[in-house]
Amino acid sequence: MTAWQVLAAGAQTTVQDQGRHGWRHLGVGRAGALDTSALAVANLLVGNDETAAGLEMALQGPRLRLPRACRIALTGAAVPAWWNDVPLPAGRPLDLPAGELRFGTLRDGLRAWLAIAGGIAAPSVLGSRSTDLRGGFGGLEGRALVTGDRLPLGDGTTTPSVRRPTFPSWWVDMDDAWTFDRHVLRYLPSSHAAAESLAAHAWHAHANSNRQGLRLTGASLPAGEANGVSEPVAIGTLQLPPDGQPILLLADAQTVGGYPRLGHVLACDLGRAAQLRPGEPVHFEPVTAQKAQTLVRDHAHRYARVRLAIAQRR
Amino acid sequence: MSAPRFEPLGDDAVLVHLGEGVDPAINARVHALTAALRNLDLPWLRDLVPAYASLAVFFDAAQLDDPARTVSDLVHRLLAGMTTTKESPGALLEVPVCYGGTHGEDLADAASTLGVDEATLIARHSAAIYTVAMIGFAPGFPYLLGLDPGLTLPRLATPRTRVPAGSVAIAGAQAGIYPRESPGGWRLLGRTPLMLFDPARARPSLLQPGDRVRFVPIGADDFTRLERTP
């Protein structure tokens, strides 16, 4: 089996796919790419099924040794990428000869996704190859990559043998993160007394954020009397701990929680939330359930158009 | 029983409240409703997450025209047909525990704070039949209802950074078991050699929500022997 050698792991590089479903009742969260659409598009670009496993990189990408030719694609935040010393563009299929694949510091965002034809052949655990960092399973031994790791690759479509990086002149710019302002997240307010006032204040992404949650700093919202009894939570839930600083739950979030809920960020906006860098400003905009349905449908349509466009190009 | 209350949990789930607080009767009803929904084999159902007094119903939004309506109609119909149960419908499992010493570092302290000897604390902790009210915090972590009210102790003032896997612990009115090494602020009475959660198993979690549990005291030799049994 072909394997990539990890020469440098990057800040936090993990194996992710579309996530684990149907196990929340056992305390197992979804995990998976923080922007599932972005990873799905990268997969489509290299000819994979959209459910294949790829890499999610954050802040600083990895350096990898490629023992043979392969086809990859990059989506998400702008990430400087080189094959040996040849710069590589994002948003399109890239055919690479054997060599070294190197990434720099991400710009204009925090996370990017890499798909490889054939996918990353990490074992499927509970129906997914995603890394569950909290549970310590999935992906590569349930953890982020470290230097010296070997990343097993699946059998991909035969990549044409090329002598230098080869790619088409077209690209996809699918992500609404780049057509909409990522500093505005839309949410369905709950019945909590402070639910609407979330929108009245300016917030900043806290450096303590991770794949479990985006921590927000700003005005202190009154949390009120918590009944303290844990209830199920979801990805997108806005929790309000006693310190009044909300937390937006992301893909690695726990399955139950005892804090009051201010509402839920729309699933189609979570990919944008994943791009917020520490200190960046963020606003929340309340929407009605009806409006939310329209926005979610629009996102699905945009994704369907990108999917079709890629299918026609390939 | 009060009427159920519904709250959207994002765009693909509804949270069904069956009551408030920590109440064994309400929790039993949550598990009965969970079982009834699961038995229907609904094609749009993605997950059912029971908690103390509520149940999250995760669905595939693409398969339903009006998910909120569908869920509330179903829940009302199922609850109307349900008899009141005091006991959860789950299986009864015995969990061996080696109490005290290096296996349960807080046993001696807990006993002296409660004004009883260690043997009495062990006897009272292992006499009860607990219900897995919900699973959360970490994969496979059971929140157990049924602790003897006389054993109520606050959490540790400073949580431990490392609690060993299998630790059997109490905090407030709750009891639980840590499936893997993790930080934690509950008081450690003992350890079970059983593996609570293994994602490679066909049934990854030893305990399911709604199951009932009895702790069986064992000696250190038995702990070592059982720990080696896969």
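Everything quoted here is computed from the prediction, not taken from an experiment.

It is not clear to me how the overall build of chain B should be interpreted in this structure. Could you clarify?
The helix and strand tally for chain B stands at five helices and 13 strands. Counting only C-alpha atoms, chain B reaches 60 × 35 × 30 Å along its principal axes. Every one of the 230 residues in chain B was classed for burial, and the buried ones make up 54%. The long-range share in chain B, meaning contacts at least 24 apart out of those at least 6 apart in sequence, stands at 61%. Just so you have it, chain B exposes about 10300 Å², and 53% of that area is on carbon and sulfur atoms. In chain B, the 20 positive side-chain charges and the 25 negative ones have mean positions that sit 2 Å from each other.

Before we go on, may I ask you to explain the domain arrangement of chain A in this structure?
When the parts come together, some accessible area is lost, and that loss is often what is quoted as the size of the interface. Residue and element names in this part refer to chain A. We note that the domain assignment places domain 1 (3-156 + 168-172) and domain 2 (184-306) within chain A. On a C-alpha basis, the centroid separation for the pair domain 1 and domain 2 is 26 Å. Listed per partner, the contact involves 32 residues of domain 1 and 21 residues of domain 2. For the domain 1 and domain 2 pair, buried surface summed over both sides reaches about 2000 Å², with 52% attributable to carbon and sulfur atoms.

What should I look at first to understand the domain arrangement of chain B in this one?
Residue and element names in this part refer to chain B. Domains assigned within chain B are domain 1 (5-80) and domain 2 (92-228). The distance between the C-alpha centroids of domain 1 and domain 2 comes to 29 Å. Across the boundary between the two partners, domain 1 contributes seven residues, which contact nine residues of domain 2. Buried surface at the junction of domain 1 and domain 2, summed over both partners, amounts to about 650 Å²; 69% is from carbon and sulfur atoms. The tally of links between domain 1 and domain 2 comes to zero salt bridges. At the junction of domain 1 with domain 2, the criterion picks out four residue pairs in polar contact (both at pLDDT 80 or more). Counted by class, the side of domain 1 that touches domain 2 contains five nonpolar, two polar and no charged residues.

Which parts of the structure should I look at to understand the sheet that holds strand β3 (residues 54-58) of chain A?
Note on sheets: strands pair through backbone hydrogen bonds, and any given pair is parallel or antiparallel. All names here are of chain A. Strands sit in the order β2-β3-β10-β5-β8 across an open sheet of five strands; the sheet is antiparallel. Taken across any chain shown, the strands that pair with only one partner, and hence form the sheet edges, are β2 (14-16) and β8 (94-96). Direction aside, the axes of adjacent strands within the sheet are offset by 35° on average. Pairing of β3 with strand β10 (residues 107-116), which is carried by four bridges, proceeds in the antiparallel orientation. Residue Ala-58 lies in a different strand from β10, and its bridge partner there is Arg-111. Its contacts with the sheet place helix α1 (residues 36-45) against β2, β3, β5 (70-78) and β10, and it is angled at close to 150° to β5.

Conventions we followed
Every residue gets a number counted from 1 within its own chain, in the order that chain's sequence is written. All chains are assigned letters beginning with A, and all ligands numbers beginning with 1, in the order in which they are written. Confidence filtering applies because this is a predicted model: local features only for residues at pLDDT of at least 70, side-chain atom pairs given and counted only at 80 or more, and all residues used for totals across whole chains, interfaces and linings. To get the side-chain values, take all heavy atoms of the structure and skip hydrogens and water. Secondary structure elements follow DSSP: runs of H or I of four or more residues count as helices, runs of E of two or more count as strands, with numbering from the N terminus. Working definition: with a 1.4 Å probe on protein chains only, accessible area under 20% of the residue-type maximum means buried, over 50% means exposed, and in between means partly exposed. Between two residues, a contact is recorded if the distance between any of their heavy atoms is within 4.5 Å. Computed with the Shrake-Rupley method and a 1.4 Å probe, the accessible areas treat only the protein chains shown as cover for residues. Neither His nor the chain ends is counted toward charge; the positive residues are Lys and Arg and the negative residues Asp and Glu. Charge positions come from single atoms, namely NZ of Lys, CZ of Arg, CG of Asp or CD of Glu. Domain start and stop positions are those given by an automatic or database domain assignment. A quick way to say it: buried area is the sum, across both parts, of accessible area lost when two parts are put together, with a 1.4 Å probe. Any carboxyl oxygen of Asp or Glu that lies within 4 Å of a side-chain nitrogen of Lys or Arg is treated as forming a salt bridge with it. Polar contacts, as used here, are pairs of N or O atoms within 3.5 Å; protein pairs need one atom able to donate a hydrogen and one able to accept it. Residues neighboring in sequence count only if both atoms are side-chain atoms. By the convention adopted, Pro, Cys, Tyr, Trp, Phe, Met, Ile, Leu, Val and Ala count as nonpolar, Lys, Arg, Asp and Glu as charged, and the other residues, Gly among them, as polar. Two strands are counted as paired when DSSP detects at least two bridges linking them. A fitted line through C-alpha atoms serves as each axis, taken over the contacting stretch for helices, and the angle formed by two N-to-C directions is quoted from 0 to 180°.

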